[in-house]
Every structure is written in C-alpha cells, then in structure tokens.
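# Residue-level structure breakdown
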Amino acid sequence: MDGNTKLTPQETIEVGKEFKSMRSMFLRIIVIALIPLVVMGVSFCIFANIRIKSILEDEIKKELRSAAFALGRNYSLIGDGDYVKKEDGLIYKGDNKASGRLATMGDELLKNGLVCTFFFGDTRIDTTVYDESGTNMAGTKLNAEVYRRLYETGEAIFCESMDLGGNNYYGYYIPYRNSNGEVAVIFFAGKLKNEVMASVWDATVSTLWIWLSILVIGIVILLFCTIYMVGYLFKHFKNEEIESVKKLAAKEQMDFMTLVYREVRDSVDTITVLSDKILSEDHSQQTREKVLGINEAINSMMTSFNSIQDYSKLEAGDTELSVDEYELTALVDGCCKKAGPGIERKGLEFKVNYDDSIPNYLKGDFGKIRQILDNLLENAVKYTHEGRVGLDITYRTITPDKIDVTFTISDTGIGIRKEDAEKLFLSIGKVGQSKNISIKGTGLGLLICKRLVNILDGRISVESEIGKGSVFKFTIPQDVLNSKTVGECR
C-alpha cells in the first residue's frame, strides 16, 4: 500500500454507518439543547413582562397620588375656613366659592389623561370637568365602602377598580377633614382603567417582540454554531478514520520492509566479510579503491533500506523518544567513521570543528541525532565530487542545565537552486532530478531528517547555491549532565 491508500467498499460502508449514526446523535443534541433554551426564553419573556406591568402600575400610582395631592393643595389656597354647602347649593371654603375651580386647570390635566375632581361628603360636586369619553360625572355618589374607610382612617386610598359615571378607573382618593375632625371633602385623581391597561399591553407587546427577536436570533446563531461544530467534528472524525487506515497500511508496509531488510542484511554481511578478506590479502592501491567502492555501495544500499524502514515507522506513528546519556565527541566520531570510506575514495578534505567550551556529556535521544547527522553527512559526501566537507558543532546556553546544540554540515558540492531548496524537507524524491541523474538514493533522507528534528523540538534549515555547495544546519535542545567541556576531553 502507498500513501494514497483508499478505503475498501466494506470499510466505506462501515465508515458511512458511523457517520450517519454520529449525525443522528448530533441532531438529537441540537433538539435537546433547543428545548430548554426555548422554554427558558419564553419563561423569561413572561417574567419580564409581568415585571414591566408591575413597574408601569407603580408609576401610574405615583402619578395619580401626586396629581391628587396637587389638587388638594390648589384648593387649600382658597382662603381660610372649612368647606360648607350654602343656601345657593354651592360649596364654599370660607367666603370663596370652591365649585368650578377645576375649570382653570382641567384642560391641562386632560392632556396627561388625568381626571381630577372632588367630593363633598359622598357626592361629586364639580360640574366643569369631563373625562376623556366626554362623560360629565357631576353628582356621582362615592362608593359607600370606600367612603367609610376614608372617613374612619383619614388616609389616602388607591383603588384599582372604581366605577364613576359609568366608567372604571384607577384612582387615588385623599380626604380632608374640617375643624370638627369630620371628612368634609375628598379629592380624586384617576385614569380610565382600560386606557391604563392598553398602555401596559402596548409596552408588554413591544417588550415581548424585542425578547422574542433576541431569542430567535440566539436560536439561529446557536443552530449555525452547532451545524458548524457538527460539520467540523464530522470532518475531523472522517479524517481520523482515513488517517487510521493510512497508519494501518504504513504498518503493513513497515512489517514487509523489516522482513526484506533482514534478508538483505545477511547478504550484506557476507559481502562485508569478503571485502575485508580481500583487503587483508591484497594491499595494492587498485584493489583497495575497488573494495572501498564496494563498501560505499553497500553502505549506500543499507542507508536506502534504513531510510525506507525509518520512513515507514514515521508514517505508522511507531517512533518513540528515548533518553540516553552520551558523549558528544563519541557521537560525532561515530558519524565521521561511517562517512569515512566515501570521503577517502573521493579524496575529499574533511574537517570537524568544535566549540571547545561546549559541554561534552549530554542527555537526549542519541539514536535520532546520530541518524540525522549520518543522513546529512552522507548527502554532503554523495553530492560533492571534489573539494571539502566540513562539520561544525556549536551551542547556545538556554539554562544552566540545558543547551541548544547546533550541527552545521557544509560542502563544495553541486548545490541546489533556491526554489528547489525550499522543497527539500517537504516531499519524497530528489529535487533537480534531471541534473543529478547519476546520484543514487531514495530521496527520503532529508524528509526523515525534518520529521526527526520536529520530534526532537529542534530546527533545520539549508542554504545552497548551484555549483558552489550547500550548508545544512540543525539545532537540537539537550540536557547537560556535567560541566566538563569538549576541550577538556580531547
């Protein structure tokens, strides 16, 4: 199987069933989430409107009470003395006539929807003010129960329902007593109840529409968010399913490569033994060059097999970090020895430079760092026909117990175009292949290096120029075991 492995028909059917089941589950979640949201929204609207009604009624009560007291103060300014009914049938306070007083302020009161008047005893006296419906309420009798309460307590009374002149009112009654302590007159301020209720209903409907609009907008936003979330999760699970199939295919590929590797390894070991025997028996330069060429070819072949196997492991997710205590000089010496036959055969200059102050005893994933360095050194030797290959090791202190180790591999090889250099760590296959047709290999090495560097939380980069060579640099954070430096150990 390759990286583009497709699902079999049976696997597609099973995945489709899982997606349908998942979609059904999410639809149920949406419905379950919407029901309490709608219930809470409607309950809140009802509660809000009940509260609004209560607030409006309180405001109306304050308005009516203020109007009734203002009416009382207005009449109290008419001279001294008690209110009395004289022979002409009119009501007087002292020598001043009280009847008709409202005529001077009636129009202004009616603009605010207020009806104000007064009662003498239990009978309505004022004949100058009409209510909004045009009803003259002169002579209307005060409700006996209300009159009794006013007479006994002398306190203002608010009535939520009071019939006057055939109309029902919200109103305040405020009693005033004469010098004998008896209730002489009662001032009244009111509003038609049906008009008050209409105002409350209008405010309630307006508020209800506002809250319903907010609720609908909230539901729409919730639906869009939920649909987006379902789509995202659906896509995520689908990709996860496909990824698991790819990993399974990669694992099968890795198992196959392991079997092939074991078979090839036996043959390679035999060739290596024979090469060493030839070198021990024939010391001529010509023979030595041929044997070194054979060894280099064997190393190149095994590197290719190792690269394929390593790539299969990375694809299958079968790579784990290890923590090893090691010497930096031993790591570098091992890599240099492996690259040695190729360097010697081509007659290249090779130099290793250390920052002598770098700590020598470190802790990290020795195997993976060795693999990255082997790959990069092998590439440098492979693509350099004459000149030199160099390896520089520097560092940067992060904390007293942690450093960044940087390996820089430079060569005077064929180089890479800038646009090709950007693709080196991104795809399988050698870039600039038409120019490098004589160079053997899988092209997996740099891709593996990039992935291994990422696993180790490091960084890797390349600078190159056609015909002048390349510089590969990678940096890996490592723990410091002790302060002994490379300079002290060499």
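A brief structural summary. (Residues numbered from 1 in each chain as written. Predicted model: local features only at pLDDT ≥ 70, side-chain atom pairs only at ≥ 80, totals over all residues. Heavy atoms only, no water.)

## Comments concerning the sheet that holds strand β1 (residues 83–85)
Taken together, the three strands give an open sheet; going across it, the order is β1-β2-β3, and neighbouring strands pair in antiparallel fashion. Looking at which strands have only one partner, the edges of the open sheet turn out to be β1 and β3 (96–97). Sheet topology places strand β2 (residues 91–93) next to β3; two bridges connect them, and they run antiparallel. Counterpart to Y92 in the pairing with β3 is K97. (Pairing = 2+ DSSP bridges. Helix = DSSP H or I, 4+ residues; strand = E, 2+ residues; numbered from the N terminus.)

## Observations regarding the pairing of strand β15 (residues 469–480)
In terms of burial, β15 is a largely internal element, nine of the twelve residues being buried. Across two bridges, strand β11 (residues 361–364) lies against β15 in antiparallel orientation. Of the residues in β15, the one forming a bridge with K363 is D479. As paired elements, strand β14 (residues 459–465) and β15 share seven bridges and run antiparallel to each other. Within β15, the residue paired with S461 across the bridge is K473. From the end of β14 to the start of β15, which pair antiparallel, there are three residues, and G467 there has a positive phi angle of about 80 degrees. (Buried < 20%, exposed > 50% of the residue type's maximum accessible area, 1.4 Å probe, protein only.)

## Section: the pairing of strand β13 (residues 402–411)
Along β13, nine of the ten residues are buried, which leaves the element largely enclosed by surrounding structure. Sheet topology note: the strand β12 (residues 388–399)/β13 ladder contains ten bridges and is antiparallel. Its bridge partner lying in β13, R396 is registered against D404. The antiparallel hairpin formed by β12 and β13 contains two residues in its connecting segment. With nine bridges connecting them, β13 and β15 associate as antiparallel partners. Looking at β15, one finds that F407 is bridged to F474.

## A look at the packing of aromatic side chains
For any pair of aromatic rings, the description rests on two quantities: the centre-to-centre distance and the angle between the ring planes. Following the criterion strictly, the structure yields nine aromatic pairs and no others. Taking the centre distance of 6.3 Å and the plane angle of 50 degrees together, the rings of F119 and Y173 count as tilted. Placement of the pair is F119 in strand β4 (residues 115–120) and Y173 in strand β7 (residues 167–177), with a sequence separation of 54 residues. Comparing F119 with Y173 shows no difference in burial state: the two are buried. With a centroid separation of 5.1 Å and an interplanar angle of 50 degrees, the aromatic rings of F158 and Y172 are classed as tilted. One end of the pair, F158, is in strand β6 (residues 157–164); the other, Y172, is in strand β7, and 14 residues separate them in sequence. Each member of the pair, F158 as well as Y172, is classed as buried. An aromatic cluster is built from F118, Y176 and F187, whose rings are joined through pairwise contacts. When the ring centre of Y151 is taken as reference, the NZ or CZ atom of R177 above it lies at 5.9 Å. (Phe/Tyr/Trp six-rings, centres within 6.5 Å; stacked < 30°, edge-to-face > 60°. Lys NZ or Arg CZ within 6 Å of the ring centre and 35° of its normal.)

## Details of a nonpolar patch on the surface
On the surface, a nonpolar cluster with roughly 290 Å² of combined accessible area is contributed by V216, V220 and F224. Mapping V216 onto the fold places it in helix α4 (residues 193–281). (Patch = residues over 30% accessible without salt bridge, like charges linked within 9 Å, V, L, I, M, F, W, Y side chains within 5 Å. Areas by Shrake-Rupley, 256 points an atom, 1.4 Å probe, with all protein chains shown as cover. Salt bridge = Lys/Arg side-chain N within 4 Å of Asp/Glu carboxyl O.)

## As for the pattern of salt bridges
Applying the stated rule across the entire model yields nine salt bridges. The residue D404 makes a salt bridge to R396 at a minimum N-O spacing of 2.8 Å. Classification of D404 by relative accessible area gives buried; the value is 5%. Judged by relative accessible area, R396 falls into the partly exposed class, the value being 49%. In this structure, the salt-bridge partner of D479 is K402, at a minimum N-O distance of 3.2 Å. Of this pair, D479 sits in strand β15 while K402 sits in strand β13, and the two are 77 residues apart along the sequence.

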